[in-house]
Every structure is written in C-alpha cells, then in structure tokens.
Amino acid sequence: MDAAFTFPTEPLDRGLSSKAEILLALTWFFIAFAIQAVVLRLYLRRKFTQVFTLDDWIMLLALCIHILFQTFLTLTSVTGFGYPMQTMTIQQIIDMSKWAWATVPVNILANLTARLSIAIMLVKIFSVRRWFKWLIILYTALMITLGLANFLFVFFQASPFPASWDFRLAADWRLPHLPHNTLIFTQLILFILSDFLYAFFPVFFIWKLNMATRQKLGLMVVMAGSFVTMGAAIGRAVIVSDTLNGSTEVNAEDGTNPDKVFVTFGVTSLLASIEVSLLIILGSLPKLRVITKLSLFENISSSLSSMMSKLWPATRYSTSKSRSNQDYVSSDVELNKANIRPVPSHPVGFHSSSVTAGSTNPGRSSGHHEQEDRIRVTEGYAVVYDPKSQKPRTYV
C-alpha cells in the first residue's frame, strides 16, 4: 500500500455500503430460487421414484458450494466492500481481501459441478444420439480439466499461502497475473459455448417431436434462461479481457476508488453468482416436471381444462390429446435402446399365444360371456386374442 495513505486505527461504526446492499440483495434473490429448485427436485424424486441419481447428488453438491460462495461474498461486503480503502483499518482491508479471494476458487467449483450435473442428465436423455453423447462427454471433460487447473492456479499463486491476500507479507514467489487471467478468460469462453451446447441442441431435438405447443413454449423458456447464463459469462469475459490489456488492473492507488473496485470485483461477483444460480435452476427444471402428478396440480389442471373446453369447445380434442401424450413427452424425450424390453426370438416357426379372461358367472348369456373372453390390446396396432382360435387375429 502507498505510504501516503493514512488509515484509521479503529473501525468506523457504519453498516453496509450502498453498493454492497445492492450486490447482496440481487445475489441472495437468485440463490433463494436455486435453493427452492433443488429442494423441490429432491422432494419429488423421493416421493415418486425413491431413488436419487448421480446428477441429483452432484447438483446438491453444486448448491452447497454455491451457498459457500455466497457466504464468502457476504463476509466481503460486511468487512467493508464498497467503501474507499483509506476509510478502513488495515485489518479490515486484509479481511476483505481474504474473503474476496476465497470467492474465486469456490465459484470455479460451483460452476463446474453444476455443469457436470447438467451434462450427466443430457447424456442419459439423449444417449440414443451417439455423436451428441460423446460431444457432451468430451467437451465437459475438457472444461472440467481446464477448470481444475484454474482452481489449482488460484490456490498456489503465492508462497506463503496467506500472501495471496495479505499485502503485508513478502511473497517468496508469486505467479504472474497474465497467465492466470488468460486461463480464466479461456475457461469463460468454454462456459459460454457449453451454455449454447447444453441448450440449443436439446431444444432442437425436442422441438421436432410431436408434442403440445405449451410444452414447446416451456422449452423456449429454458432456452431463454440459458441465454441469460451466456450473457453473464460474456460479461465476465469482457471484464477479464480488459485485465489482459491492463486497463482495469487494480493497484494500491486504484484501491482507494470504490467504483473501480466495484467494477473489477463487485460486477464480476454479481454475474458469477447469477450465472451459477440460473445453472442450478435450469438444470433442475427437467426433474421438476413430475410436480404435475401431485393431486393439487392435477385438480388445477383438470379445472383449467374443463374451463377451456367450455369457453372454446374446439380446444377439447387438442387438450385431451396433449394430456394423453404428457407421460411420454415428459418422461423419455427419445427412445433409449437400454429401456426397450427385448422381444423373444424363435429359431423356427412362429410364436403364438392364447389368453382366457372374463367372468365365470354361469348366469350370463353366452354372447356376453364370449365378449368378455376377448382381450384387445391397442398400442399403435391392435391384437385380439380369441379363446376359440389357435392363432391371434391382428388388426393393423
């Protein structure tokens, strides 16, 4: 720090700065929705499937790491973020620098784990498209490898370890800022491309399926949310790209300007927090579709459908059709060969079967009894098994 600065010896009795209040209000607003999305996701999985998959656990881990990031960001604001450094004590500056430094590696892990959870989910849904499956796997592996390298760079950027944030300590060695900023910039570019990759192709695949218009509109909402995460990553990349030119590099003199610090740290932290919160929310939305199976939502849906059929009778058929296809559309987007039950093969001849079902009440007429002894199975085709015949009759 510059020797011309005179720092107070006792901390001033003041609350959060206006910049810190705005930062915390916006970040906690988005993280509150992220917490609700994950909690609801786990509750619905527990209620309807009784099984938590790997992507569920990883998304829960991403949320925990993101909450830790938000905790560090709150401590940074409490210790004086937003105020000029010449109005803070030396200990306040060191504490603020420590918590601000801690937000960087934690945010890297939160970003990586959230995107890993989304990648695992997409691989399971679109495993039938092998090229897309391997594209996601290889791209995610590259992104995680680069992210872990960035994480290690942050932790081992100076020796001794506290010299990363304590300007009073003389570092034995310190890694240069330019390679680190270049690594961060490259990672942000990968984040931007991953948001496009994870959103555009799945929506493109699903849009070609035969589904209700309201479900397609819901997909557009998911895609629009991915564009917001792309915008946040682009904003961070712009700020980091400026540091590559040295235009926003913060030194001791710039530290006295709270506006300069707010741009380099406050805006970047705001975008980073919103980005991860939206990733957690959007990554949990596909798992929240089963919420429509709750009795409350079924009653609401039934009431709305009844109201629409009375107001617009022409929509009765389309509403019924959409409801009949809802389970298929919301469960398996595309046919997965692993989920198709094998059909038994017979080396010679043909396979036939017979089924006898119906009431054995002797008081019923023979015609009615004959009608009840027939089973009709319809699934794109019809097969009638007649107890009086040795061969099944097929209706195409």
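Scroll up to find the structure.
Anyway, here's the lowdown on the structure attached to this text.

Analysis parameters
- Residues numbered from 1 in each chain as written.
- Predicted model: local features only at pLDDT ≥ 70, side-chain atom pairs only at ≥ 80, totals over all residues.
- Heavy atoms only, no water.
- Helix = DSSP H or I, 4+ residues; strand = E, 2+ residues; numbered from the N terminus.
- Expected span 1.5 Å × (residues − 1).
- Buried < 20%, exposed > 50% of the residue type's maximum accessible area, 1.4 Å probe, protein only.
- Contact = heavy atoms within 4.5 Å.
- Axes fitted to C-alpha atoms, helices over the stretch in contact; angles between N-to-C directions.
- Parallel < 35°, antiparallel > 145°, perpendicular 65-115°, else oblique.
- Left-handed = near helix turned anticlockwise from the far one by under 90°.
- Nonpolar A, V, L, I, M, F, W, Y, C, P; charged D, E, K, R; others polar.
- Salt bridge = Lys/Arg side-chain N within 4 Å of Asp/Glu carboxyl O.
- Core = buried A, V, L, I, M, F, W, Y, C linked by side-chain atoms within 4.5 Å.
- Phe/Tyr/Trp six-rings, centres within 6.5 Å; stacked < 30°, edge-to-face > 60°.
- Patch = residues over 30% accessible without salt bridge, like charges linked within 9 Å, V, L, I, M, F, W, Y side chains within 5 Å.
- Areas by Shrake-Rupley, 256 points an atom, 1.4 Å probe, with all protein chains shown as cover.

### Comments concerning helix α4 (residues 130–155)
Note on helix geometry: an α-helix contains 3.6 residues per turn, so any two residues three or four positions apart are oriented the same way. Relative to the 38 Å expected for 26 residues at 1.5 Å per residue, α4 spans 38 Å between its end C-alpha atoms, a close match to the ideal helical length. Buried within α4 we find F132, I136, Y139, T140, M143, L146, G147, N150, F151, F153 and V154. For α4, the secondary structure elements touched by its buried residues are α3 (90–125) and α5 (177–207).

### Description of helix α1 (residues 18–48)
With 31 residues, α1 extends 45 Å between its outermost C-alpha atoms, agreeing within 8% with the 45 Å of an ideal straight helix rising 1.5 Å per residue. Phi turns positive, to about 65°, at Q50, one or two residues after α1.

### Overview of the packing of α1 against helix α2 (residues 54–78)
The geometry of α1 relative to α2 is characterised by a closest axis approach of 10 Å and an angle of 160° between their N-to-C directions. In terms of axis orientation, α1 runs roughly antiparallel to α2. Considering the relative orientation of α1 and α2, their crossing is left-handed. Each of A20, L23, L24, T27, W28, I31, A34, I35, V38, R41, L42 and R45 in α1 lies in contact with α2, whose residues at this interface are D55, D56, M59, L60, L63, H66, I67, Q70, L73, T74 and S77. In terms of residue class, the contact of α1 with α2 is built from 14 nonpolar, 5 polar and 4 charged.

### Looking at the pattern of salt bridges
Inspection of every chain in the model, using the stated rule, returns 10 salt bridges. K287 is the salt-bridge partner of D55, the closest N and O atoms lying 2.6 Å from each other. Of this pair, D55 sits in helix α2 while K287 sits in the loop between α7 (258–284) and α8 (295–311), and the two are 232 residues apart along the sequence. For K287, a relative accessible area of 10% puts it in the buried group. Residue R115 is joined to D195 by a salt bridge in which the shortest nitrogen-to-oxygen separation is 3.0 Å. On the criterion of sequence distance, the pair formed by R115 in helix α3 and D195 in helix α5 is long-range, its members being 80 residues apart. Take R115 and D195: they sit in the same class, and that class is buried. It is possible to trace a salt-bridge network through shared partners that takes in R41, R45, D55, D56, K124 and K287.

### So, the nonpolar core
Counting residues in each nonpolar core, the largest one holds 65 residues, and the members touching the most others are F81, I136, M143, Y198 and I280. Among the secondary structure elements, those contributing two or more residues to this core are α1, α2, α3, α4, α5, α6 (213–244) and α7. The greatest single-element share of this core, amounting to 15 residues, is contributed by α3. Beyond its immediate chain neighbours, meaning those up to four positions away, M143 contacts L112, R115, L190, F191, S194 and Y198.

### Digging into the packing of aromatic side chains
Both the distance between ring centres and the angle between the ring planes are used here to describe each pair of aromatic rings. One pass over the structure, following the stated rule, counts 15 aromatic pairs. Taken together, a centroid distance of 5.6 Å and an interplanar angle of 25° make the contact between F72 and W99 stacked. Residue F72 is found in helix α2, and its partner W99 is found in helix α3; the two are separated by 27 residues along the sequence. You can call W99 partly exposed: its relative accessible area is 23%. Seen from their ring centres, F132 and F201 are 5.8 Å apart, and the 50° between their planes marks the pair as tilted.

### Comments concerning a nonpolar patch on the surface
The grouping of F196, F200, F204 and F227 at the surface amounts to a nonpolar patch, some 360 Å² of accessible area in total. Take the nonpolar patch: its biggest share by element is 3 residues, from α5. As for its placement among the helices and strands, F200 is situated in helix α5. When its relative accessible area of 31% is taken as the criterion, F200 is described as partly exposed.

### Remarks on the environment of P286
For P286, the location among the structural elements is in the loop between α7 and α8. Between the C-alpha atom of P286 and that of I118, which follows or precedes it by 168 residues, the distance is 10.0 Å.

### Focus: the side chain of S273
Turning to its location among the elements, S273 is positioned in helix α7. Take S273: its relative accessible area is 0%, and that puts it in the buried class. For S273, the contacting residues outside a window of four places in its chain are T27, H66, F69 and Q70.

### A closer look at unusual backbone geometry
For the bond running from S159 to P160, omega is 5°, close enough to zero to count as cis. Looking at the secondary structure, you find P160 in the loop between β1 (158–159) and β2 (173–174).

All we've got here are geometric facts, nothing functional implied.
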